[in-house]
Amino acid sequence: MFASGNLWKPLVVLGLVTYTIFISFHNQLPSPCELIISSSLKNYTNSPTPPKSSTNLSHLIFGIVGSAKALQRGRKNYIESWWRPNATRGLLYLDEFPSGLLPWSTACPPYRVSNAWKGGDNAWRIFGGIREVVREVGDDDSVRWVVMGDDDTVFFVDNIVDVVSEYDEGEYYYLGGASEYIPINNLFSFDQGFGGAGFILSYPLAKAVAHSTDDCINRYALTMHTSDSFTMACIADLGVNLSPLKGIHQIDLSGDISGFLSSHPNFPVMSLHHFDAVDPIFPNMDRYKATRHLMKAGVADQSRLLQQTICHHRQTNWSFSISWGYSAYIYENIHPRNYLRKPIETFRPFLPKPKPRPFYMFNTRLPYNASCEAPHLFFFKDVNKSSTGTFTTYSRAAARGLPPCSMGGNHSADFIIEISVFSPPTKRKKTGRCECCDIVGVGGAKAELKIRECMINENIA
């Protein structure tokens with residue numbers, strides 16, 4: 001048995017330890033007030049943030065600048081080819097009251113007589129138009145992007161939506177394209193978006209440009225002489241450079257641009273300009289009818305429009321090059337994609353007396369009237385879309401008038417009068433790789449192709 005005198009010491013130690021543990025645990029417990037605050041913060045933190053809706057056509061507003069007289073001469077046909085009443089949003093800013101066009105067509109955007117022309121001075125029109133658009137829109141939160149362009153610009157609005165969806169519209173963005181013609185870029189700037197081709201501003205940037213318009217005019221009135229130069233300089237002073245896009249086309253070319261359109265970059269086509277300055281893009285059609293004809297394919301599947309797809313028929317040593325919705329070429333020889341992706345120079349330089357080469361901002365192929373180099377030409381005829389896919393047909397433009405290619409085995413393609421192309425019902429995937437195709441059959445007077453995704457490690461050669 002323990003002595004009674006020694007019993008109290010262990011009890012005191014045990015009590016101290018117990019007390020220390022209790023106090024330590026108690027201090028870690030939150031007070032009733034802390035519990036209430038903690039619960040509120042938890043509920044706030046875990047409350048779902050409303051997801052941002054995907055960008056669609058309603059988030060874009062177009063500011064089109066035009067001449068009333070030019071519209072009356074026929075340019076309104078270009079606008080009507082792409083404008084979608086009750087779907088596209090925007091305004092057409094004119095230099096004067098369009099008395100010769102009344103009553104106003106509902107197939108065109110609503111018009112305003114612009115204050116930005118400064119008595120007809122071309123240097124102010126699109127640059128000043130940005131401020132007019134912003135004044136019209138105000139603080140409408142539904143507007144994310146402003147698209148500026150000319151009355152002879154043809155826009156492909158579905159592709160524009162798909163492209164700008166890849167950008168954060170809350171940031172400052174200046175999207176556009178350069179001229180195809182090197183001397184024009186050298187004369188004006190390699191860093192500006194050409195307004196004729198169309199340029200796109202995120203709405204926060206458009207508001208910043210509108211806010212600084214007067215200061216910018218005062219700063220550059222003596223040194224800038226074009227609307228596009230003003231726009232570029234003022235946006236640069238806001239800390240933003242041009243983000244160039246390969247689908248925006250100024251078309252500073254002349255003559256037959258079919259070679260250019262048949263080898264489009266691997267990027268969605270967003271705009272085409274200067275249709276009045278080039279030949280009609282389809283044979284046996286005027287410019288306006290040809291524009292609407294191209295749009296027939298664009299309505300069916302804009303994501304594939306002008307996208308080049310290449311495949312080979314080994315039995316005959318033929319190469320097929322399809323510019324979807326526009327043209328189809330047959331070469332009587334096997335050519336790799338690296339060669340066929342270069343446009344044939346069916347077109348001429350923009351200026352009548354060009355300087356020595358190089359002329360263009362891209363590589364080209366010179367046209368050769370040789371059997372193994374000259375293609376058989378077919379142009380878009382019709383499109384039929386169903387739930388299983390889309391059929392486009394291309395009819396021969398004319399006889400090639402050359403003997404068969406001996407290097408390819410003398411397999412003439414003269415008997416082919418029509419090419420049909422089947423493409424998937426889904427939109428073209430947004431990748432950096434083109435699509436591939438298979439030759440389904442060659443017989444009678446027709447050739448049939450089927451577009452598909454390229455396989456891993458597949459070579460188009």
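Analysis parameters
- Residues numbered from 1 in each chain as written.
- Predicted model: local features only at pLDDT ≥ 70, side-chain atom pairs only at ≥ 80, totals over all residues.
- Heavy atoms only, no water.
- Pairing = 2+ DSSP bridges.
- Helix = DSSP H or I, 4+ residues; strand = E, 2+ residues; numbered from the N terminus.
- Contact = heavy atoms within 4.5 Å.
- Axes fitted to C-alpha atoms, helices over the stretch in contact; angles between N-to-C directions.
- Parallel < 35°, antiparallel > 145°, perpendicular 65-115°, else oblique.
- Left-handed = near helix turned anticlockwise from the far one by under 90°.
- Nonpolar A, V, L, I, M, F, W, Y, C, P; charged D, E, K, R; others polar.
- 1 Å grid on protein atoms, 1.4 Å probe; cavity = no way out; pocket = protein on both sides within 12 Å on 5 of 7 lines; lining within 4 Å.
- Points joined across faces, edges and corners; volume = space filled by probe spheres on them.
- Disulfide = S-S within 2.5 Å.
- Buried < 20%, exposed > 50% of the residue type's maximum accessible area, 1.4 Å probe, protein only.

### Thoughts on the sheet that holds strand β2 (residues 90–94)
Hydrogen bonds between backbone atoms are what pair the strands of a sheet, whose relative direction is either parallel or antiparallel. Read across the open sheet, the seven strands follow the order β3-β2-β1-β4-β7-β6-β8; overall the sheet is mixed. Unpaired on one side and paired on the other, β3 (111–113) and β8 (243–244) mark the two borders of the sheet. Bridge analysis of strand β6 (residues 174–176) against β8 gives two bridges, and the strand direction is parallel. Opposite Gly-176, over in β8, you have Pro-244 as the bridge partner. Helix α4 (residues 125–137) contacts β1 (60–66), β2, β3, β4 (145–150) and β7 (199–202) of the sheet and is inclined by roughly 140° relative to β4.

### Comments concerning the pairing of strand β19 (residues 436–443)
Across seven bridges, β19 lies against strand β20 (residues 446–452) in antiparallel orientation. Within the sheet, the bridge partner assigned to Ile-439 lies in β20 and is Leu-449. Where β19 hands over to β20, the hairpin turn is made up of two residues, of which Gly-444 adopts a positive phi near 65°.

### Remarks on the packing of α4 against helix α7 (residues 203–211)
Helix packing for two helices is described by the angle between their axes and how far apart those axes are. In the contact formed by α4 and α7, the axes pass within 9 Å of each other and the chain directions differ by 110°. On the basis of their axis angle, the class for α4 and α7 is roughly perpendicular. In this structure, α4 crosses over α7, and the sense of that crossing is left-handed. Contacts from Phe-127, Ile-130, Arg-131, Val-134 and Val-137 in α4 reach Tyr-203, Ala-206, Lys-207, Val-209 and Ala-210 in α7. Partitioned by chemical class, the residues of the contact of α4 with α7 number eight nonpolar, no polar and two charged.

### Here we look at the side chain of Thr-213
Looking at the element boundaries, Thr-213 is found in helix α8 (residues 213–220). Apart from the residues within four sequence positions on either side, Thr-213 is in contact with Phe-127 and Arg-131.

### Some thoughts on the sheet that holds strand β17 (residues 389–396)
Pairing within the open sheet is mixed, and its eight strands lie in the order β12-β13-β14-β16-β17-β18-β20-β19. Single-partner strands in this sheet number two, and they are β12 (308–313) and β19. Each adjacent strand pair in this sheet contributes to an overall mean axis angle of 25°, direction not counted. Relative to β20, strand β18 (residues 418–423) is paired through five bridges, and the arrangement is parallel. The residue of β20 that forms the bridge with Ile-419 is Ala-447. Here helix α11 (residues 287–300) sits on the sheet in contact with β16 (376–386) and β17, set at roughly 45° to β16.

### Comments concerning the layout of surface pockets
Here the largest pocket is characterised by a volume of approximately 760 Å³. Around the largest pocket, the lining comprises 26 residues; the ones closest to its centre are Lys-246, His-249, Pro-265, Met-361 and Phe-362. There is about 470 Å³ of room inside the second largest pocket. If you go around the second largest pocket, you meet 28 residues; those closest to its centre are Tyr-329, Thr-346, Ala-374, Pro-375 and Leu-377. The biggest single contributor to the lining of the second largest pocket is β16, with three residues. Taken together, the residues of the lining of the second largest pocket sort by class into 18 nonpolar, four polar and six charged.

### Topic: the state of the cysteines
The full count for this structure, using the stated rule, is four disulfides. Note that Cys-216 is cross-linked by a disulfide to Cys-234, the S-S spacing being 1.4 Å. Because the sign of the S-S torsion sets the handedness, a value of about -90° for the bond joining Cys-216 and Cys-234 places this disulfide among the left-handed ones. In this pair, Cys-216 is assigned in helix α8 and Cys-234 in helix α9 (residues 227–236), connecting sequence segments 18 residues apart. Of the two residues examined, Cys-216 and Cys-234, each falls in the buried class. Paired through a disulfide, Cys-436 and Cys-454 show a sulfur-sulfur distance of 1.9 Å. Between Cys-436 and Cys-454 the disulfide shows an S-S torsion of about 100°. By sign, it is right-handed. You can see Cys-436 sitting in strand β19 and its partner Cys-454 sitting in the segment after β20, a full 18 residues away along the chain. Its relative accessible area of 1% is what places Cys-436 among the buried residues. Under the relative-accessibility criterion, Cys-454 is labelled buried at 13%. Taken N- to C-terminal, the disulfide-bonded cysteines of the chain are connected 1-2, 3-7, 4-5, 6-8.

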